Amino acid sequence: MSANEKGEKVKIIEPRTLKGFRDFLPEMMIPREILIDRVSSVYRSYGFAPIDTPVLEYLEILSGKGSDETDKQLYQFEDNGGRKVGMRFDLTVPFARFSAQHLAELPLPFKRYHLAKVWRGENTQAGRYREFMQCDFDTIGTTSSFSDVETALVINDIMERIDLKTNNSFTRFQIHLNSRKILTGLLEKLDIPDKAVPVLRALDKLGKIGREKVAEEMIAAAGIPSDKANSILDLVLLENSDNESVLNHLEKTLSGNENGLDGVSVLRQILDAASSLGIPKDRFVLDISIARGLDYYTGTIFETFLTDLPKIGSVCSGGRYDNLAGLYTKQTLPGIGASLGMDRLFAALEELGMVEKTSSPVQVLIACFDKNLTNEYLKIGSDLRKIGIGAEIYPEPKKLGIQLKFADRKGFACVLVIGSSEWERKIVQVKNLKTGSQDEVSITDLPDYLKKVL
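Since this is a predicted model, take the numbers as computed values, not measurements.

### Observations regarding the packing of helix α6 (residues 180-189) against helix α11 (residues 258-276)
Consideration 1: The geometry of α6 relative to α11 is characterised by a closest axis approach of 7 Å and an angle of 155° between their N-to-C directions. Compared by their axis directions, α6 and α11 come out roughly antiparallel. In terms of crossing hand, the pair formed by α6 and α11 is left-handed. Together, Lys-181, Ile-182, Thr-184, Gly-185 and Glu-188 of α6 and Asn-259, Gly-260, Asp-262, Gly-263, Val-264 and Leu-267 of α11 make up the contact between the two elements.

### Quick notes on helix α4 (residues 92-101)
Each α-helix winds once per 3.6 residues, and so residues spaced three or four apart point in a common direction.
Consideration 1: Among the 10 residues in α4, nine count as buried, and that is most of the element.
Consideration 2: Looking at α4, one finds that the buried residues are Thr-92, Val-93, Pro-94, Phe-95, Ala-96, Arg-97, Phe-98, Ser-99 and Ala-100.
Consideration 3: Where α4 is buried, its residues contact β4 (56-58), α2 (59-62), β7 (110-119) and β8 (131-140).

### Some thoughts on the pattern of salt bridges
Consideration 1: Applying the stated criterion across every chain yields a total of 21 salt bridges.
Consideration 2: Bridged by salt links that share partners, the residues Arg-22, Arg-32 and Asp-343 form one connected network.

### Some remarks on the side chain of Ser-360
Consideration 1: The topology assignment puts Ser-360 in the loop between α12 (342-351) and β16 (364-366).
Consideration 2: For Ser-360, the contacting residues outside a window of four places in its chain are Ile-30, Glu-392, Lys-410 and Phe-412.

### Things to note about the nonpolar core
Consideration 1: Counting 76 residues, the largest nonpolar core has Tyr-43, Leu-203, Met-218, Ile-232 and Leu-340 as its most contacted members.
Consideration 2: If sequence neighbours within four positions are ignored, Ile-232 has contacts with Leu-186, Leu-187, Leu-190, Ile-192, Val-199, Leu-203 and Met-218.
Consideration 3: Counting 27 residues, the second-largest nonpolar core is a separate cluster that includes Leu-365, Leu-373, Ile-380 and Ala-407.

### So, the packing of aromatic side chains
Consideration 1: In total, this model carries eight aromatic pairs according to the counting rule given.
Consideration 2: With centroids separated by 5.5 Å and ring planes inclined at 45°, the aromatic side chains of Tyr-43 and Tyr-113 adopt a geometry described as tilted. Separated by 70 residues along the polypeptide, Tyr-43 in helix α1 (residues 26-45) and Tyr-113 in strand β7 bring together distant segments of the chain.
Consideration 3: Given a relative accessible area of 0%, Tyr-43 falls into the buried group.
Consideration 4: Given a relative accessible area of 8%, Tyr-113 falls into the buried group.
Consideration 5: Where Tyr-43 meets Phe-137, the ring centres are 5.1 Å apart and the plane angle is 40°; that geometry is what we call tilted. Of this pair, Tyr-43 sits in helix α1 while Phe-137 sits in strand β8, placing them 94 residues apart in sequence.

### Some thoughts on the environment of Ile-427
Consideration 1: Checked against the element boundaries, Ile-427 lands in strand β19 (residues 427-432).
Consideration 2: Note on Ile-427: relative accessible area 9%, which makes it buried.
Consideration 3: Residues Ile-427 and Val-417 lie 10 residues apart in sequence; the distance between their C-alpha atoms is 9.3 Å.
Consideration 4: Non-local contacts of Ile-427, meaning those with residues more than four positions away in its chain, are made with Ile-418, Glu-422, Glu-440, Val-441, Ser-442 and Ile-443.

### Comments concerning unusual backbone geometry
Consideration 1: The step from Leu-108 to Pro-109 runs through a cis peptide bond, and the omega angle for that step is 0°.
Consideration 2: With respect to the helices and strands, the residue Pro-109 is situated in the loop between α4 and β7.
Consideration 3: The backbone phi angle of Asp-191 is positive, close to 65°, even though this residue is not glycine.
Consideration 4: Relative to the helices and strands, Asp-191 is located in the loop between α6 and α7 (196-203).
Consideration 5: A relative accessible area of 61% places Asp-191 in the exposed class.

### So, the sheet that holds strand β6 (residues 84-87)
Consideration 1: Strand order across the open sheet formed by three strands is β4-β6-β5, with antiparallel pairing between neighbours. Taken across any chain shown, the strands that pair with only one partner, and hence form the sheet edges, are β4 and β5 (76-78). Averaged over all pairs of adjacent strands, the angle between their axes in this sheet comes to 35°, without regard to strand direction.
Consideration 2: As defined by bridge partners, β4 adjoins β6 across three bridges and the pair is classed as antiparallel. The partner of Tyr-58 across the bridge, within β6, is Val-85.

### Brief notes about the pairing of strand β20 (residues 438-442)
Within a regular strand, the side chains alternate between the two sheet faces.
Consideration 1: The pairing of β19 with β20 spans five bridges and is classified as antiparallel. Residue Lys-431 lies in a different strand from β20, and its bridge partner there is Gln-438.

### Considering the packing of α6 against α7
Consideration 1: Packing of α6 against α7 brings their axes to within 11 Å, and their N-to-C directions diverge by 125°. Considering the angle they form, α6 stands oblique to α7. When you trace α6 past α7, the crossing you get is right-handed. Here Arg-180, Leu-183, Thr-184 and Leu-187 of α6 lie close against α7, whose contacting residues are Ala-196, Val-199, Leu-200 and Leu-203.
Consideration 2: Here the contact of α6 with α7 is built from residues that sort into six nonpolar, one polar and one charged.

### Section: the environment of Phe-77
Consideration 1: Following the sequence through the fold, Phe-77 ends up in strand β5.
Consideration 2: Taking the C-alpha atoms as reference points, Phe-77 and Met-87, 10 residues apart in sequence, are found 9.0 Å from one another.

### Structural notes on the sheet that holds β19
Consideration 1: Strand order across the open sheet formed by five strands is β17-β16-β18-β19-β20, with mixed pairing between neighbours. Every interior strand has two partners, whereas the edge strands, β17 (391-393) and β20, have only one. Taking each pair of neighbouring strands and ignoring which way they run, the sheet shows an average axis angle of 25°.
Consideration 2: In the sheet, β16 pairs with strand β18 (residues 414-417) via three bridges, with the strands oriented parallel. Note on β18: the bridge partner recorded for Ile-366 is Leu-416.
Consideration 3: Strands β16, β17 and β18 of the sheet are contacted by helix α13 (residues 374-386), whose axis makes an angle of about 165° with β17.

Analysis parameters
- Residues numbered from 1 in each chain as written.
- Predicted model: local features only at pLDDT ≥ 70, side-chain atom pairs only at ≥ 80, totals over all residues.
- Heavy atoms only, no water.
- Axes fitted to C-alpha atoms, helices over the stretch in contact; angles between N-to-C directions.
- Helix = DSSP H or I, 4+ residues; strand = E, 2+ residues; numbered from the N terminus.
- Parallel < 35°, antiparallel > 145°, perpendicular 65-115°, else oblique.
- Left-handed = near helix turned anticlockwise from the far one by under 90°.
- Contact = heavy atoms within 4.5 Å.
- Buried < 20%, exposed > 50% of the residue type's maximum accessible area, 1.4 Å probe, protein only.
- Salt bridge = Lys/Arg side-chain N within 4 Å of Asp/Glu carboxyl O.
- Core = buried A, V, L, I, M, F, W, Y, C linked by side-chain atoms within 4.5 Å.
- Phe/Tyr/Trp six-rings, centres within 6.5 Å; stacked < 30°, edge-to-face > 60°.
- Pairing = 2+ DSSP bridges.
- Nonpolar A, V, L, I, M, F, W, Y, C, P; charged D, E, K, R; others polar.

That's the geometry; what it means functionally is another story.
The structure is reproduced here in structure tokens:
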């Protein structure tokens, strides 16, 4: 208990966060914002425009649009107006609503990106939280396979732009490709097309529970004969040494099924485009086992894995969803896109020791050595900012050791020390906290000097 100004006892509330929710200190937010800026720049470079949507949607907008699992995880309640509402569980379903609602204002095809938080009441684990950020990009209004190809290339560029490096070599990642059309085409050939939803949901658990358990679920939950369940698993677990062998096998297996062969054709186009652009051959991997758990996918699907840390799961996933917006409008609005899971990716980067933590968004601290020089400090700081070098000024004159300790704790690269004698000589003492060196630099040469050392 504590006392207020009147001497009354007041219960102290324990400061804490809900399970699956987190605070972010500056040392975490600064590198996160750097990643966010890099991802946004890739999206914009391809012509994707930013949008935003409300956190809350009418419940009917969200429920029944993902899967049974996402419906269970949906945060929902009745608001003060008696309306049933829910918090968005992803950014794709709200985008489908957005597109239908603003159709007259959007040029088609329309390309958007959206970076925002979403909420799912799921079990927390490494890299998985109840509140997390997604970085989505989508193209709607076209069924052209060009958009499938472009989506694959954007994912590749995102991962490269993130600049993941270990031991001075590029961190390896792979983008796994599949198509729902291949899976549904196989079900059509097996004469069980009505079993698509339970089969796909079972396949999505393959990496977690293994072939035997997935087969049991197909037989029990979907009512599929064991021979057909094994035929499905034989195809999705197909192992070949190269993508071309997989494509040839799929074309042979799906011969005569137009839907399945169309899916194979699009995957071939993606691989051909990547090859023509000089992207490493092992960057894209055909993986018939990936199904994506959300029900709205209809064609090409993507999952991206860090080969140095596969246990973290896919860090960028998505696919084609040609029927989703049809729930909100009679006009056909086919779409394709993907989402980078910022929180999962960041957790992976931390585990790989690839996050440089700092509490300062700028690299230069101007020490307050003489309060009579306050205006001079302000002028130097202003001049540095005008040329793109951020600078913070310590607010009060204290012992230099205290200010240097403050600078070291916040992660500044340099400290500028200017006392009355330095000002008379128009020089600055520059302490480099990274190397421990100290240089005497004239004020006129300071901008060029800092550009070099920073």
